[in-house]
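# Fold and geometry: a report
Listed below are the residues making up each chain.
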Amino acid sequence: MKLTKCAIALGSNLGDSLATLKSAIATLNNTPEITVKSHSSWYKTAPVGPPQPDYINACAILEVALEPKQLLAALLEIEIKFNRIRREKWGPRTLDLDLLLYDDLILETPTLTLPHPRMTERAFVLVPLAEIAPDLVHPVTKSAIDQLVQKVNCSGVEKMKM
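What this report covers is the structure whose coordinates are included nearby.

### Quick look at the overall build of the protein
- If you tally the helices and strands in the protein, you get four helices and eight strands.
- Taken against the 2.2 N^0.38 rule, which gives 15 Å for 162 residues, the C-alpha radius of gyration of the protein at 15 Å falls within 12% of a compact globule.
- Each principal axis of the C-alpha atoms in the protein carries an extent, and together these give about 40 × 35 × 35 Å.
- Per-residue burial for the protein yields a buried fraction of 51% across its 162 residues.
- For the protein, the share of sequence-separated contacts (at least 6 apart) that also reach a separation of at least 24 residues comes to 67%.
- Counting every atom, the protein has about 8400 Å² of accessible surface; 52% of that belongs to carbon and sulfur.
- Distance between charge centres in the protein, computed from 18 positive and 18 negative side chains, equals 3 Å.

### Considerations on the environment of Ser-17
- By secondary structure assignment, the location of Ser-17 is in helix α1 (residues 17–29).
- For the pair Ser-17 and Ser-40, spaced 23 residues apart in sequence, the C-alpha to C-alpha distance is 15 Å.
- For Ser-17, the side chain forms a polar contact with the main-chain nitrogen of Asn-13, separated by 3.4 Å.

### Some words on the nonpolar core
- By size, the foremost hydrophobic cluster in this structure holds 29 residues, and its most contacted members are Leu-10, Leu-62 and Leu-71.
- Among the secondary structure elements, those contributing two or more residues to this core are β1 (4–12), α1, β2 (34–39), β4 (55–64), α2 (68–81) and β5 (96–102).
- Residues in contact with Leu-10, not counting those within four places in the same chain, are Leu-21, Ala-24, Ile-25, Leu-28, Ile-56, Asn-57, Ala-58, Cys-59, Ala-60, Asp-96 and Leu-97.
- Judged by nonpolar contacts, the second largest core, of 22 residues, contains Tyr-43, Leu-129, Val-149 and Val-157.

### A look at the pairing of β1
- Judged by how many residues are buried, β1 sits mostly within the fold: eight of nine residues are covered.
- Pairing of β1 with β4 involves nine bridges; the strand directions are antiparallel. In the sheet register, Ala-7 faces β4, and the bridge partner there is Ile-61.
- Direction of pairing for β1 relative to β5: antiparallel, over a ladder of six bridges. Across the sheet, Leu-10 pairs through a bridge with Leu-97, a residue of β5.

### Looking at the pattern of salt bridges
- On inspection of all chains with the given rule, the structure shows three salt bridges.
- Its salt-bridge partner being Glu-63, residue Lys-37 comes within 4.0 Å of it at the nearest N-O pair. Separated by 26 residues along the polypeptide, Lys-37 in strand β2 and Glu-63 in strand β4 bring together distant segments of the chain.

### Observations concerning unusual backbone geometry
- With omega at -10 degrees, the peptide bond leading from Leu-114 into Pro-115 counts as cis.
- With respect to the helices and strands, the residue Pro-115 is situated in the loop between β7 (113–114) and α3 (123–132).
- Positive phi is not limited to glycine here, since Glu-33 has a value of about 70 degrees.
- Inspection of the secondary structure puts Glu-33 in the loop between α1 and β2.
- The class for Glu-33 is partly exposed, based on a relative accessible area of 47%.
- A positive phi is found at Lys-142, a non-glycine position, where the angle reads about 65 degrees.
- With respect to the secondary-structure elements, Lys-142 resides in the loop between α3 and α4 (145–148).

Conventions used here
Residues numbered from 1 in each chain as written. Predicted model: local features only at pLDDT ≥ 70, side-chain atom pairs only at ≥ 80, totals over all residues. Heavy atoms only, no water. Helix = DSSP H or I, 4+ residues; strand = E, 2+ residues; numbered from the N terminus. Rg over C-alpha atoms; globule rule 2.2 N^0.38 Å. Buried < 20%, exposed > 50% of the residue type's maximum accessible area, 1.4 Å probe, protein only. Contact = heavy atoms within 4.5 Å. Areas by Shrake-Rupley, 256 points an atom, 1.4 Å probe, with all protein chains shown as cover. Lys, Arg positive; Asp, Glu negative; His and termini not counted. Charge placed at Lys NZ, Arg CZ, Asp CG, Glu CD. Polar contact = N/O pair within 3.5 Å; in protein donor to acceptor, adjacent residues only side chain to side chain. Core = buried A, V, L, I, M, F, W, Y, C linked by side-chain atoms within 4.5 Å. Pairing = 2+ DSSP bridges. Salt bridge = Lys/Arg side-chain N within 4 Å of Asp/Glu carboxyl O.

Right, here's the structure in full:
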């Protein structure tokens, strides 16, 4: 199978979020048929949804030899390894891995929509993605990520100092 370039978003706001995200990147890179090509800096971001702690977010570019549904299944398995429990929509979580882009594929199934349906509205996705893949083109809007990030309110997304 040919290798496909994908973009994912990572987030955490429960437990030691930074350690969890670093471990998730390592776990992804050690997963057969997934290679982490790059990942963004870490960003502290205000939560969306019910009252909860701030998040740490990042994005990563992957090269995969998996079909979209196989990749989604691998991401969900990794979330479970990090004790992800789905209690409420947009609620707090130990780890959230979202498949944003799978090359230029446009797909809508009951379990997977590509590109991610809300990525163009979310500064906590677009800011870190623009850092590592500014020229990546959203297949629906036909806009580059660095153009999309200019259209959202980026207050509440702060690059962490390491």
